[in-house]
Amino acid sequence: KAKDEGKGNYQFYSQEMTQKAMKRISMQSKLRNAIKNEVFDVYFQPQINAQTKEIIGLEALVRWIDENGNMIYPDEFIPFAEETGMIVELDRIVMKKALAQVMQWRNENIFTGSLSLNLAMKQLQKDDFELSISNLISSSKCPPEKIELEITESGLMQKPEESIAKLNRLKELGIKISIDDFGTGYSSLSYIKKLPISKIKIDKSFVVELPDNKDDISIVKAIIALASSLGLKTLAEGVETAQQLEFMLENGCHNIQGYYFAKPMSIEDTTRFLKNFHK
Ligand code: C2E
Ligand code: MG
Ligand code: MG
Ligand code: MG
């Protein structure tokens, strides 16, 4: 009897596992196809100077339109793309498209700020990381000083010594590096000092409950103070309200990104935004 029950359990689990495995396989082949056909769209979200209200940069954020025309957001496929290593090819596509678009805006004199690109930590760990990035940038003709690479805290802390060496070589070309989602990972302050970074992006989880949450007030103030004493710029993510903007201004945060100014937008909407923002 016990044997029968055991067998039943086994079948139950194995069916569930088969379903999970099937889902993964289907996701994997869909993603592989999407990469092969480069069906990704690049959306752009403006980054604004808190004081002058100038548009200083645009962050490129990938969007995947599936075969039914539905938009799939990065949180649904970036982790999977990272696990399977497909992220390297995906980021290449996004970088190429974003660079081409920003060059068009530059040539039309619509935008002269910087382009922020998200890089997966898998990317940073590759041996040819610096070479492939610098090749992409130089073939786009975009000035390297106008490129900012956003790397998450956990990505940077994976193999910090190696990251420092690689990122230093990019810095020599003029490329800027920022820490994304700061405060959500574990980082050693001694490495922050050694990393060739120029900006800290305060994670939106610390911004969402401002100006009411006492803990978040302390955390954000502390991050700004740390950055400022290390000579780094700060950018607050996820600023949605006028009070949050006011808080950042009062506390000396340099740059703002969030729905208060604009959501990530398609190329057409970004063009319109860039043309009309100051008027
Ligand atoms: P991230 O780099 O921290 O990007 C900021 C995310 O916050 C974006 O989500 C953006 O839409 C969202 N956001 C911006 N302002 C606000 C706001 O005011 N309120 C709220 N609630 N959210 C706001 P998104 O586009 O869904 O991207 C999620 C994450 O996926 C990104 O976080 C980034 O880590 C990753 N990602 C996106 N595109 C790429 C890519 O091309 N390559 C890689 N490797 N990762 C990417
Ligand atoms: Mg980012
Ligand atoms: Mg972020
Ligand atoms: Mg994030």
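Treat the numbers as computed from the prediction; the structure is a model and nothing was measured.

Caption draft 1: Here's a closer look at the site of ligand 1. Around ligand 1, a shell composed of 24 residues is seen, among which Arg-63, Asp-91, Asn-118, Glu-240 and Tyr-259 lie nearest. In the model, an oxygen atom of ligand 1 is placed 3.0 Å from a nitrogen or oxygen of the Glu-59 side chain. Between ligand 1 and Asp-180, the relevant distance is 2.9 Å, taken from an oxygen atom to a side-chain nitrogen or oxygen of the residue. Here ligand 1 has 800 Å² of accessible area as a free molecule, and 86% of this is covered by the chains. The cavity where ligand 1 resides is the largest pocket. Put simply, the parts of the chain that give the shell around ligand 1 at least two residues each are β2 (55–65), α2 (74–84), α3 (87–107) and β6 (176–182). Looking at the shell around ligand 1, the element that brings in the most residues is β2, giving four residues. Per-class residue counts for the shell around ligand 1 are 10 nonpolar, four polar and 10 charged.

Caption draft 2: Quick look at α3. Here α3 is 21 residues long and its end C-alpha atoms lie 30 Å apart, about the 30 Å a rise of 1.5 Å per residue gives. Looking one or two residues beyond α3, the residue adopting positive phi is Asn-109, at roughly 60 degrees.

Caption draft 3: A look at the coordination of the magnesium ion (ligand 3). Protein-derived coordination of the magnesium ion (ligand 3) comes from Asp-180 (OD), Asp-181 (OD) and Glu-237 (OE), at a distance range of 1.7 to 2.2 Å. Sequence positions of the residues that donate to the magnesium ion (ligand 3) give the spacing D-D-x55-E. Distance-wise, the magnesium ion (ligand 2) is placed 4.1 Å from the magnesium ion (ligand 3), both being coordinated by Asp-180. Here Glu-237 lies in the loop between β8 (233–236) and α10 (242–250) and Asp-181 lies in strand β6, a separation of 56 residues in the sequence.

Caption draft 4: Representation of the layout of surface pockets within the structure. Size it by volume and the largest pocket reaches roughly 1100 Å³. In terms of lining residues, the largest pocket is bounded by 37 residues, among which Glu-59, Leu-61, Asp-75, Asn-118 and Asp-180 are the most central. Sorting the residues of the lining of the largest pocket by element identifies β2, α2, α3, β4 (114–119), β5 (147–152) and β6 as the ones contributing at least two each. The residue makeup of the lining of the largest pocket, split by class, is 17 nonpolar, seven polar and 13 charged. By volume, the second largest pocket amounts to about 310 Å³. Ile-56, Glu-148, Lys-199, Lys-233 and Asn-255 are, among the 17 residues lining the second largest pocket, the residues nearest its centre. A class-by-class count of the residues in the lining of the second largest pocket yields three nonpolar, eight polar and six charged.

The rules we used
Residues numbered from 1 in each chain as written. Chains lettered and ligands numbered in written order. Predicted model: local features only at pLDDT ≥ 70, side-chain atom pairs only at ≥ 80, totals over all residues. Heavy atoms only, no water. Near = heavy atom within 4 Å. Polar contact = N/O pair within 3.5 Å; in protein donor to acceptor, adjacent residues only side chain to side chain. Areas by Shrake-Rupley, 256 points an atom, 1.4 Å probe, with all protein chains shown as cover. 1 Å grid on protein atoms, 1.4 Å probe; cavity = no way out; pocket = protein on both sides within 12 Å on 5 of 7 lines; lining within 4 Å. Sits in = over half its atoms within 2 Å of the grid points. Helix = DSSP H or I, 4+ residues; strand = E, 2+ residues; numbered from the N terminus. Nonpolar A, V, L, I, M, F, W, Y, C, P; charged D, E, K, R; others polar. Expected span 1.5 Å × (residues − 1). Donors = N, O, S within 2.8 Å, 3.2 Å for Na, K, Ca; no water. Points joined across faces, edges and corners; volume = space filled by probe spheres on them.

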